[in-house]
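Spelled out from the first residue to the last, the chains are:
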Amino acid sequence: ESIKGKVIIVTGGIKGIGAVIAKTLALAGGKLVINYAHSEADADHLVLDIRNRRGNAIAIKADVAADIECYLFLGIDAAKWVTAQNIVVNGGFA
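Residues numbered from 1 in each chain as written. Predicted model: local features only at pLDDT ≥ 70, side-chain atom pairs only at ≥ 80, totals over all residues. Heavy atoms only, no water.

(A) Geometry of the packing of helix α1 (residues 16-27) against helix α2 (residues 40-52). The geometry of α1 relative to α2 is characterised by a closest axis approach of 10 Å and an angle of 30 degrees between their N-to-C directions. For the element pair α1 / α2, the angle class is roughly parallel. Viewed along their axes, α1 and α2 form a crossing whose handedness is right-handed. On α2, the residues touching A19, A22, K23, A26 and L27 of α1 are L46, D49 and I50. (Axes fitted to C-alpha atoms, helices over the stretch in contact; angles between N-to-C directions. Helix = DSSP H or I, 4+ residues; strand = E, 2+ residues; numbered from the N terminus. Parallel < 35°, antiparallel > 145°, perpendicular 65-115°, else oblique. Left-handed = near helix turned anticlockwise from the far one by under 90°. Contact = heavy atoms within 4.5 Å.)

This is the structure:
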């Protein structure tokens, strides 16, 4: 099944394997919601890189290890692109 046009959340998605996953899914046609907890500059850089390659991505700050921030994060996602069809849990638990 194609991921083209589907909303995909990637937690811990701005560095390392998360960034590779986010780029790969975005360039395959997914609409990426990239979660980050700390570095807005790194998140902005990744989103810009994806968009420059004709991918579709946004970045939203939330500590997904905290329940309330998860609920707020998912609510923001819903407001942006309706609903997520897939979630890649790459970070958030220590």
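(B) Spatial organisation of unusual backbone geometry. A positive phi angle is found at R54, which is not glycine, with a value near 75 degrees. Looking at the secondary structure, you find R54 in the loop between α2 and β3 (56-61). Overall, the relative accessible area of 80% leaves R54 in the exposed class. (Buried < 20%, exposed > 50% of the residue type's maximum accessible area, 1.4 Å probe, protein only.)

(C) Structural detail: α1. Here α1 spans 17 Å end to end across 12 residues, near enough to the 16 Å set by a 1.5 Å rise per residue. Buried residues of α1: G18, A19, A22, L25 and A26, and no others. What you see down the axis of α1 is that its buried residues fit within an arc of 135 degrees, all on one side. Across α1 from its buried face, at more than 90 degrees, point the exposed residues G16, I17 and T24. Looking one or two residues past α1, G29 carries a phi angle of roughly 110 degrees, positive in sign. (Expected span 1.5 Å × (residues − 1). Arc of directions from axis to C-beta.)

(D) A look at the confidence of the model for the protein. Considering every residue of the protein, the mean pLDDT works out to 78; 66% of them sit at 70 or more. The lowest-confidence element of the protein is strand β4 (residues 86-89), averaging 53 in pLDDT; the highest-confidence one is α2, averaging 95. (pLDDT = per-residue confidence, 0-100.)

(E) Region of interest: the environment of D42. Locating D42 in the fold gives a position in helix α2. The contacts of D42, once residues within four sequence positions are left out, are I14 and K15. Engagement of the side chain of D42 in a polar contact is seen with the side chain of K15, the distance being 3.4 Å. (Polar contact = N/O pair within 3.5 Å; in protein donor to acceptor, adjacent residues only side chain to side chain.)

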